[in-house]
Amino acid sequence: MEITNSQTISAYNTAFHSGQLKLRITAYTNDDYSGTAATWEPQVLAPLFERPNSDSVLKAHQLTIDEKTLGSDSLTFTGKNLVDSYFSAYNPNSQPYSNYGEYFSFEEATALNGVVTPAKIKAQCDKTLPFMTKQADKDWKNTQCQALSANGLKINQAVLMSQNPQGGRIYLAKKIQ
């Protein structure tokens, strides 16, 4: 997501560095916001990069997604210090289009060797299927994995996540419809 307003970026980064930036989530036991409330404050995102710096940050982390291969059955990408990645495929012959995606973390992302295919997404799906505990989740996941067996699937989304030495996350995402 690109934020172009430099005042917004400055205010966000100032609040982040001073410890004033907080995200508070309160969940209730009932849909009408009644009952027992549980509140927690998860870690907020890292500082934002201003546009002139974002290109150099992406270059330093060697984050690239080859747009020429987006929409094909074999997408190429690069990434240094990848902590997570997400790729999805779709069947251009089905109406409506359905997307089937999987996350690859750390070594899994590196093991892709810069190329992802629908078969690799299916293999990841199959790998995570045994970890599903609820039958409804297992059934849903199995349907997703089976859909990734179809012929003619194309990669329509790629998200690469890297990390800088300060622990900040750097994201590069490309998607076609």
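Residues numbered from 1 in each chain as written. Predicted model: local features only at pLDDT ≥ 70, side-chain atom pairs only at ≥ 80, totals over all residues. Heavy atoms only, no water.

Draft legend 1. The packing of aromatic side chains, seen in detail. By the definition in use, this model includes four aromatic pairs. Both rings, one in Tyr86 and one in Tyr103, keep their centres 4.8 Å apart while their planes meet at 50°; by these two values the pair is tilted. With Tyr86 in strand S5 (residues 82-90) and Tyr103 in strand S6 (residues 99-105), the pair connects residues that are 17 residues apart, well separated along the chain. Among the residues examined, Tyr86 registers a relative accessible area of 19% and is labelled buried. For the ring pair Phe87 and Phe104, a centre distance of 5.8 Å and an interplane angle of 65° mean the geometry is edge-to-face. One end of the pair, Phe87, is in strand S5; the other, Phe104, is in strand S6, and 17 residues separate them in sequence. Phe104 sits in the buried class, given a relative accessible area of 3%. Taken together, the ring pairs connect Phe77, Phe87 and Phe104 into an aromatic cluster. (Phe/Tyr/Trp six-rings, centres within 6.5 Å; stacked < 30°, edge-to-face > 60°. Helix = DSSP H or I, 4+ residues; strand = E, 2+ residues; numbered from the N terminus. Buried < 20%, exposed > 50% of the residue type's maximum accessible area, 1.4 Å probe, protein only.)

Draft legend 2. Region of interest: the sheet that holds strand S9 (residues 169-175). If you trace the four strands from one edge of the open sheet to the other, you get S6-S5-S8-S9, paired in antiparallel fashion. If you trace the sheet from one side to the other, it starts and ends with S6 and S9, each paired once. Adjacent strand axes in the sheet meet at a mean angle of 10° when their direction is disregarded. One ladder, built from eight bridges, connects S5 with strand S8 (residues 154-163); its direction is antiparallel. Of the residues in S8, the one forming a bridge with Ala89 is Ile155. (Pairing = 2+ DSSP bridges. Axes fitted to C-alpha atoms, helices over the stretch in contact; angles between N-to-C directions.)

Draft legend 3. Expanded view of the pairing of S9. Examined bridge by bridge, S8 and S9 share seven bridges and lie antiparallel to one another. Paired with Ala158 across the bridge in S9 is Lys174.

Draft legend 4. Looking closely at the sheet that holds strand S4 (residues 75-78). Strands sit in the order S3-S4-S7 across an open sheet of three strands; the sheet is antiparallel. The two strands at the open ends of the sheet, each matched to only one other strand, are strand S3 (64-65) and strand S7 (115-116). The pairing of S4 with S7 spans two bridges and is antiparallel. Bridging across to S7, Thr76 finds its partner in Val115.

Draft legend 5. Main features of the pairing of S8. Along S8, eight of the 10 residues are buried, which leaves the element largely enclosed by surrounding structure. Linking S8 to S9, which pair antiparallel, is a turn of five residues; within it Gly167 sits at a positive phi near 90°.

Draft legend 6. Focus on the environment of Thr8. Topologically, Thr8 is positioned in helix H1 (residues 6-18). Along the sequence, Thr8 and Ala150 sit 142 residues apart, while their C-alpha atoms lie 45 Å from each other.

Draft legend 7. Focus on the nonpolar core. Counting residues in hydrophobic clusters, the biggest one holds 25 residues, and the most contacted among them are Leu75, Phe77, Phe87, Val116, Ile121, Leu148 and Leu160. Broken down by secondary-structure element, the contributors of at least two residues to this core are S4, S5, S6, helix H4 (118-128), helix H5 (135-147), S8 and S9. Apart from the residues within four sequence positions on either side, Ile121 is in contact with Phe87, Ser88, Ala89, Tyr100, Gly101, Glu102, Phe104, Val116, Leu148 and Ile155. (Core = buried A, V, L, I, M, F, W, Y, C linked by side-chain atoms within 4.5 Å. Contact = heavy atoms within 4.5 Å.)

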